[in-house]
Amino acid sequence: LVAKRQLADRLEAVPATGVVTGDELWIAPGDLVPVEGILLRQPAVASLDWITGESDQIDYLPGDTVPAGAFNAGVGGFAVAAAEDFRDSRLNDLLRGEATAGERYRPRWWTWVGATYVAVVLLLAAAGFAAWAGTDLRLALEVTVAILVVTCPCALGLASPLAQELLHHALRQRGGVLRNPGFMDRALAVRKVLLDKTGTLTLGHLVLEPDSRKALWRLDREQRTILWNMSVRSNHPVSRALAVALSAGRSAGHDPSPELRLDPAGERIREIPGQGLEWERDGMLYRLGRADFAAAEVATRDDATLFTADGEIVAALRFSEAFKADAALEIDGLRHSGYELHLLSGDAPAKVSAASHSLGIDPSRATGGLDPEQKASVVRRLDADDTLMVGDGLNDSLSFEAALCTATPAIDRPALPGKADFYFLGDGIAALRRALGAARRLRSVVRDNLILAALYNLAAVALCFAGVVTPLVAAVLMPASSVAIVSLTAFRLTGRRLAWMS
């Protein structure tokens, strides 16, 4: 993590670890605030979803304290005075972390199988020599050599690694990249899937609710033009959602009038941080924002955003988070596969409860308002030895350390990709089901390969003991069996046989 420190008339890039109390830092759009700081000179807009999971953006005024880990969500940079050293920063605690439960997990099964295989082959060779040594020393040597040659570890040394690579490749083609191969072993123990909300199940922007969309198109042409001019000039999530809805509706044929045009007078539109937008036009004052700002009479209207003209309400608009297109379908698929689904978030409990209803997750398993430590505590309480934690923010870092398996869609964020067993790309979460399904498929293929290899080896050794298989015949049988089991593995894990991943 790098910070931009201001020295006299220049900026220098320094490691965040070098930031100390009193440093003046420049936070460019998209940068993280590395330490708690005091905002200087001009207002700023920041998001805390990386560290708390809160999806709403927050407006700060000069003199306000901006927490460590805040993300500059505005279109311009801002300056802060560091109020602490980086070593004391909460962001440092989240980035540093400890080894994850998955990294501490050490499966011993493969080691045991390999050691047992070698010991059994050597014992069988010794037994074959002993069985014939008393009658025919030459044949005893041939039997011993034949056993050592004909026994084939192809299921362990060839077919199993091939199966893993084929499944890894199939996942990569579908947007899931395995970082830790050990995930395939640990995933078999997963019984609970713990999902963060903001950024993991959502797309990071708001959409108009259906009733509000209808209300929007009940406005007359001039009102929609005014509302579009106000919203298109703001970078606030609500404004962006309105601008998109109005533009999309225009192209969809809701408005028979000519295309919306940018009004030059819109340059007089004012944005009041934490309140909303206002525009004096043709002798009327139009406002878009919170109820206590936009309306002449302060009234409780839930979470509605009001569009008013001289204090009279023109439209009350409500917004919801845009979920990833496949979120509900994939959650349903995971449930039918036998997994217990939990929703854990730092966002407001009401929003988390609403999201659980929308996605089909049991509301009793949806918890909001969690800070990073509380979220990690929930993971441990649910039994970390059978959990897959899926998150995208620094607030999930401690949870990743507690969970058995981890996954993230946030390849562009610090810390999480380095702690995740796998990460996935795109605007969906289908990679979760595919990765868990791939682990089960791999177990099935490896198990079948081991059974086939065991049957082959038992039959081959029995023929060697009978003196039927010579070392020359053994030298032909061994590679033939290897080719057969490797070909079978490739056949089962390519082409249409992977249709279940689609």
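Here the structure is a predicted model, which is why all the values come from computation and not from measurement. (Residues numbered from 1 in each chain as written. Predicted model: local features only at pLDDT ≥ 70, side-chain atom pairs only at ≥ 80, totals over all residues. Heavy atoms only, no water.)

Chemist: Where do I start with the overall build of the protein chain in this structure?
Modeler: Of regular secondary structure, the protein chain possesses 17 helices and 23 strands. Expressed as a percentage of the 502 residues in the protein chain, the buried residues total 47%. Accessible surface computed for the protein chain: about 23,400 Å², of which carbon and sulfur atoms make up 57%. (Helix = DSSP H or I, 4+ residues; strand = E, 2+ residues; numbered from the N terminus. Buried < 20%, exposed > 50% of the residue type's maximum accessible area, 1.4 Å probe, protein only. Areas by Shrake-Rupley, 256 points an atom, 1.4 Å probe, with all protein chains shown as cover.)

Chemist: Can you help me understand the pattern of salt bridges in this one?
Modeler: Between side chains of opposite charge, a pair can form when the charged atoms approach closely. Tallying each qualifying case throughout the model produces 18 salt bridges. Note that Asp23 and Arg5 form a salt bridge whose closest N and O atoms lie 3.1 Å from each other. Of this pair, Asp23 sits in the loop between strand S2 (10-15) and strand S3 (24-27) while Arg5 sits in strand S1 (residues 2-7), and the two are 18 residues apart along the sequence. In this structure, Asp23 and Arg5 share a single accessibility class: buried. (Salt bridge = Lys/Arg side-chain N within 4 Å of Asp/Glu carboxyl O.)

Chemist: Quick question: what am I supposed to make of the sheet that holds strand S20 (residues 366-367) here?
Modeler: Taken together, seven strands build an open sheet; the order of strands is S10-S23-S22-S21-S11-S19-S20 and the sheet is mixed. Every interior strand has two partners, whereas the edge strands, strand S10 (176-178) and S20, have only one. With three bridges joining them, S10 and strand S23 (residues 422-424) adopt antiparallel strand pairing. The partner of Leu178 across the bridge, within S23, is Phe422. (Pairing = 2+ DSSP bridges.)

Chemist: Sorry if this is basic, but what is going on with the sheet that holds strand S4 (residues 37-40) here?
Modeler: Where strands meet in a sheet, backbone hydrogen bonds hold them as pairs that are either parallel or antiparallel. Strand order in the open sheet formed by six strands is S2-S1-S3-S9-S4-S7, and the pairing between neighbours is antiparallel. Two strands in the sheet have a free side with no partner beyond their single neighbour: S2 and strand S7 (65-66). Where S4 lies against S7, two bridges are found, and the strand directions are antiparallel. Its bridge partner lying in S7, Gly37 is registered against Val66.

Chemist: Whenever I open this one, helix H17 (residues 471-492) confuses me. Can you help?
Modeler: In an α-helix there are 3.6 residues to a turn, and that puts residues three or four apart on one side. Here H17 contains 22 residues, and its C-alpha end-to-end distance of 32 Å stays within 8% of the 32 Å for a straight helix at 1.5 Å per residue. All buried positions along H17 are accounted for by Ala474, Ser481, Ser482, Ile485, Thr489 and Arg492. End-on, the buried residues of H17 take up no more than an arc of 115°, which puts them together on one face. The exposed set on the far side of H17, more than 90 degrees from its buried face, consists of Leu472, Val476 and Val483. (Expected span 1.5 Å × (residues − 1). Arc of directions from axis to C-beta.)

Chemist: Sorry, what's going on with the nonpolar core here?
Modeler: The nonpolar side chains of a soluble globular protein tend to be buried, and buried together. Grouped together as the largest cluster of nonpolar side chains are 43 residues, with contacts concentrated most on Phe183, Met184, Val193, Leu195 and Leu436. Ranked by the residues each element gives to this core, the list is headed by helix H16 (residues 430-465), at nine residues. Discounting chain neighbours no more than four positions away, the residues touching Val193 are Tyr339, Glu340, Leu341, His342, Leu388, Val390 and Leu436. Ala68, Ala384, Leu394 and Ala402 belong to the second-largest nonpolar core, a separate cluster that totals 36 residues. (Core = buried A, V, L, I, M, F, W, Y, C linked by side-chain atoms within 4.5 Å. Contact = heavy atoms within 4.5 Å.)

Chemist: What's the story with the packing of aromatic side chains in this structure? I'm lost.
Modeler: Given two aromatic rings, their pairing is described by the distance between the two centres and the angle made by the two planes. A full pass over the atoms with the stated rule returns three aromatic pairs. Ring geometry for Tyr286 versus Phe307: centroids 6.2 Å apart, planes at 20°, classification stacked. One end of the pair, Tyr286, is in strand S15 (residues 284-289); the other, Phe307, is in strand S16 (residues 305-309), with 21 residues separating them in the sequence. Judged by its relative accessible area of 8%, Tyr286 falls in the buried class. Judged by its relative accessible area of 0%, Phe307 is buried. What links up through ring pairs into an aromatic cluster is the set Phe183, Phe422 and Phe424. (Phe/Tyr/Trp six-rings, centres within 6.5 Å; stacked < 30°, edge-to-face > 60°.)

Chemist: In this structure, what is going on with empty space enclosed by the protein? I would like to understand it.
Modeler: Here the idea is plain: a probe the size of a water molecule rolls over the atoms and shows the empty space left. Within the structure shown, the criterion is met by one cavity of 30 Å³ or more. What the largest cavity holds in volume is close to 50 Å³. If you trace the largest cavity, you find it lined by Val2, Ala3, Lys4, Leu25, Trp26, Ile27, Asp31, Leu32 and Pro34. Mapped onto the lining of the largest cavity, the elements with two or more residues apiece are S1 and S3. Taken together, the residues of the lining of the largest cavity sort by class into seven nonpolar, no polar and two charged. (1 Å grid on protein atoms, 1.4 Å probe; cavity = no way out; pocket = protein on both sides within 12 Å on 5 of 7 lines; lining within 4 Å. Points joined across faces, edges and corners; volume = space filled by probe spheres on them. Nonpolar A, V, L, I, M, F, W, Y, C, P; charged D, E, K, R; others polar.)

Chemist: When you look at the confidence of the model for the protein chain in this model, what are you seeing that I'm missing?
Modeler: Interpretation of the predicted coordinates at a detailed level should be avoided for regions scoring low in pLDDT. Of the residues in the protein chain, 88% reach a pLDDT of 70 or more, and the chain-wide mean stands at 81. Ignoring residues within four places in sequence, the model shows residues 250-258, a span with pLDDT below 50, making eleven contacts including any to other chains. (pLDDT = per-residue confidence, 0-100.)

Chemist: For this particular structure, what's the right way to read unusual backbone geometry?
Modeler: With a phi angle near 55°, Asp282 is a residue other than glycine that sits in the positive phi range. Its location among the elements puts Asp282 in the loop between strand S14 (276-281) and S15. For Asp310, which is not glycine, the phi dihedral falls at a positive 50°. Structurally, the position occupied by Asp310 is in the loop between S16 and strand S17 (312-317).

Chemist: Would you explain the environment of Arg290 in this entry?
Modeler: Along the chain, the position of Arg290 falls in the loop between S15 and helix H10 (291-294). For the pair Arg290 and Leu277, spaced 13 residues apart in sequence, the C-alpha to C-alpha distance is 9.5 Å.

Chemist: When you look at the pairing of S17 in this model, what are you seeing that I'm missing?
Modeler: Examined bridge by bridge, S16 and S17 share five bridges and lie antiparallel to one another. Across the sheet, the residue bridging to Thr305 is Leu317, located in S17. Joining the antiparallel neighbours S16 and S17 is a turn of two residues, in which Asp310 adopts a positive phi near 50°.

Chemist: Would you explain helix H8 (residues 221-232) in this entry?
Modeler: The end-to-end C-alpha distance of H8, which contains twelve residues, comes to 16 Å, matching closely the 16 Å that a straight helix rising 1.5 Å per residue would cover. Among the residues making up H8, those that are buried are Arg224, Ile226, Leu227, Trp228, Asn229, Met230 and Ser231. Of the residues flanking the start of H8, the one acting as N-cap is Asp220, its side-chain oxygen 3.1 Å from the backbone nitrogen of Glu222. (Polar contact = N/O pair within 3.5 Å; in protein donor to acceptor, adjacent residues only side chain to side chain.)

Chemist: How should the side chain of His342 be read in this particular structure?
Modeler: Here His342 is to be found in strand S19 (residues 340-344). Setting aside residues no more than four positions away along its own chain, His342 makes contact with Lys192, Val193, Leu194, Leu195, Arg365 and Leu382.

Chemist: Looking at this model, I keep getting lost on the packing of helix H4 (residues 137-150) against H17. Mind explaining?
Modeler: For any two helices packed against each other, one specifies the crossing angle of their axes together with the interaxial distance. Interaxial distance between H4 and H17 falls to 8 Å at its minimum, and their mutual angle equals 5°. If you check the angle between H4 and H17, you find them roughly parallel. Here Glu142, Val145, Ala146, Val149 and Val150 of H4 come into contact with H17, specifically with Pro471, Ala474, Ala475, Leu477 and Met478. Class assignment for the residues of the contact of H4 with H17 results in nine nonpolar, no polar and one charged. (Axes fitted to C-alpha atoms, helices over the stretch in contact; angles between N-to-C directions. Parallel < 35°, antiparallel > 145°, perpendicular 65-115°, else oblique.)

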